[in-house]
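# Reading the structure
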Amino acid sequence: MASANAQTDEAINYARLCHLLVNVGSQALRDTFDAIHPPERLHYMLTSQYAKLHSLKQEKVLNGAQWKKLYPTNPLSVSSQDFDMSTLLVLLTNSCGLVPPSTGWNKLPPAPDKSKEAHLARLKHFRRAVYAHTTYAYVKDPEFSRLWKEICNVIVELGGAGYGTAISRLKNDSLHADTVEHYRQLLNQWKQDEVNFKEAFRELEAVKKVEHTMKETLKLGEFLGGGAYGKVYKCFLNSNGFEHPCAVKVVEIKPHSTETRTEVDVFKNEISILSTLKHERILTYYGSEEKDNHLHLFMELMERGSLYDYIKKKKCLDEWESRKFTRQILEGVSFLHSENVIHRDIKGILSEEYSPTSKYV
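- Named according to an unreviewed UniProt entry, the protein chain is Mitogen-activated protein kinase kinase kinase 2 originating from Stylophora pistillata.

### Description of the packing of helix 7 (residues 141–159) against helix 8 (residues 163–172)
- Axis separation between helix 7 and helix 8 bottoms out at 9 Å; the angle between their running directions is 155°. As the angle between them shows, helix 7 and helix 8 are arranged roughly antiparallel. As helix 7 runs across helix 8, the sense of the crossing is right-handed. Contacts between helix 7 and helix 8 pair Phe 144, Trp 148, Cys 152, Ile 155, Val 156 and Gly 159 from the former with Tyr 163, Gly 164, Ile 167, Leu 170 and Lys 171 from the latter.

### Focus on helix 12 (residues 319–338)
- Under the 1.5 Å per step criterion, the end-to-end length of helix 12 is 28 Å for 20 residues, consistent within 8% with the ideal 28 Å.
- Turning to helix 12, its buried residues number three or more, namely Glu 321, Lys 324, Phe 325, Gln 328, Gly 332, Phe 335 and Leu 336. Seen from one end, helix 12 has its buried residues packed into an arc of 105°, which puts them on one side. Exposed residues on helix 12 whose side chains face more than 90 degrees from its buried face are Glu 319, Arg 323, Leu 330 and Ser 338.
- Two residues or fewer past helix 12, Asn 340 is found with a positive phi of approximately 60°.

### A short note on the UniProt feature "binding site: ATP" (unreviewed entry) in the protein chain
- The feature "binding site: ATP" (unreviewed entry), as given by UniProt, occupies Lys 249 in the numbering adopted here.
- Here Lys 249 is to be found in strand 3 (residues 242–252).
- When its relative accessible area of 14% is taken as the criterion, Lys 249 is described as buried.

### Concerning the nonpolar core
- Core analysis: the largest hydrophobic core is formed by 49 residues, its most contacted members being Leu 46 and Ile 151.
- Residue contributions to this core peak at nine residues, all from helix 1 (residues 2–36).
- Grouped together as the second largest cluster of nonpolar side chains are 10 residues, Leu 274, Tyr 285, Leu 336 and Val 341 included.

### Some remarks on the pattern of salt bridges
- All told, the structure shown has four salt bridges when counted by the stated rule.
- Of the charged contacts, one joins Glu 143 and Arg 146 as a salt bridge, the two residues approaching to 2.9 Å between their closest N and O atoms. Of this pair, Glu 143 and Arg 146 both sit in helix 7, three residues apart, which is roughly one turn of that helix.
- The class for Arg 146 is partly exposed, based on a relative accessible area of 38%.
- The partner of Arg 323 in a salt bridge is Glu 319, and the shortest N-O contact between them spans 3.1 Å. With a gap of four residues between them, Arg 323 and Glu 319 both fall in helix 12, about one helical turn apart.
- By relative accessible area, Glu 319 is classed as exposed at 60%.
- The network of salt bridges with shared partners includes Glu 143, Arg 146 and Glu 150.

### Some details on the packing of aromatic side chains
- Applying the stated criterion across every chain yields a total of six aromatic pairs.
- An angle of 65° between the planes, with centres 5.4 Å apart, marks the rings of Tyr 50 and Trp 67 as edge-to-face. With a gap of 17 residues between them, Tyr 50 in helix 3 (residues 50–58) and Trp 67 in helix 4 (residues 64–70) connect regions that are remote in the sequence. Here Tyr 50 matches Trp 67 in class, with each residue buried.
- Ring geometry for Tyr 310 and Phe 325: centres 5.8 Å apart, planes at 80°, overall edge-to-face.

Reading the values: rules and limits
Residues numbered from 1 in each chain as written. Predicted model: local features only at pLDDT ≥ 70, side-chain atom pairs only at ≥ 80, totals over all residues. Heavy atoms only, no water. Axes fitted to C-alpha atoms, helices over the stretch in contact; angles between N-to-C directions. Helix = DSSP H or I, 4+ residues; strand = E, 2+ residues; numbered from the N terminus. Parallel < 35°, antiparallel > 145°, perpendicular 65-115°, else oblique. Left-handed = near helix turned anticlockwise from the far one by under 90°. Contact = heavy atoms within 4.5 Å. Expected span 1.5 Å × (residues − 1). Buried < 20%, exposed > 50% of the residue type's maximum accessible area, 1.4 Å probe, protein only. Arc of directions from axis to C-beta. UniProt positions renumbered as here; feature names shortened; annotations may be inferred. Core = buried A, V, L, I, M, F, W, Y, C linked by side-chain atoms within 4.5 Å. Salt bridge = Lys/Arg side-chain N within 4 Å of Asp/Glu carboxyl O. Phe/Tyr/Trp six-rings, centres within 6.5 Å; stacked < 30°, edge-to-face > 60°.

Below, the structure is given as structure tokens:
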């Protein structure tokens, strides 16, 4: 019986630490974030930071649910009150102009460093320390006392002495079994999100190898469309067991054909231009190859289809969405012009299931 009671107490210890991070820690982060980006200006900040945050979403630093909170259907309804701890940490360390401590964001800073940035890094560190207990969802008393004290100190340093009262009350509140289970599941999800990010990072490294070597096995998928020169398919590049979806433009090479030579010349010119263009509004160029009497140009895959089809389906765009697409088109065209490139056949292609964003090719 004593053993069962000990396990129950240790499970409650774990739940209290989770409660401390999820509720009190998140609020301290939210207050810190709101002081930098006041709620009434939040929409404008997120608009200006869209490209950077979208790249973090592609890298799975932000998940789909978090993205919908950042960019809801009605942009003016966005609120930091809807951001979880992970989202707040991403924003604070990427979109607030804060300089990481000497040890970086992901390591425990030296004790003498009492800066805001150091406290953010400490909260990230202690959150990972609590993650370490998610498998069994219990924390023994000595470890609980140490973590509780250290996390509380950081929260009070970051958010102010007013947090001391909330922390004291939390430590003495009774926790129902359902509450314990809720926090166990929540921390498990946070931990899984971090695992997904690490896996995505490894995938990105693999994609970089794909972009440089182009020695993969090509597997064509569905036909996506065609133009004056070539057809475009969804495809999968396989390299060392890693399968990466992308789009491939295919031009058939017909020996001794004047028409083919013209197509090939146009195609190679397109490659030479695309390979030098790096911008969030331009499709990413991965590489090219000549194989089996075909030229292949590998590009970023945009899953949502064309902007034309999207507008046709909706019949009428909301004003804010019209402004967004117009701005994105102009961003792409402005960049091309700055590179002395004139695009005579702009095609808008969409990504994102929610709040679609456009790129151009």
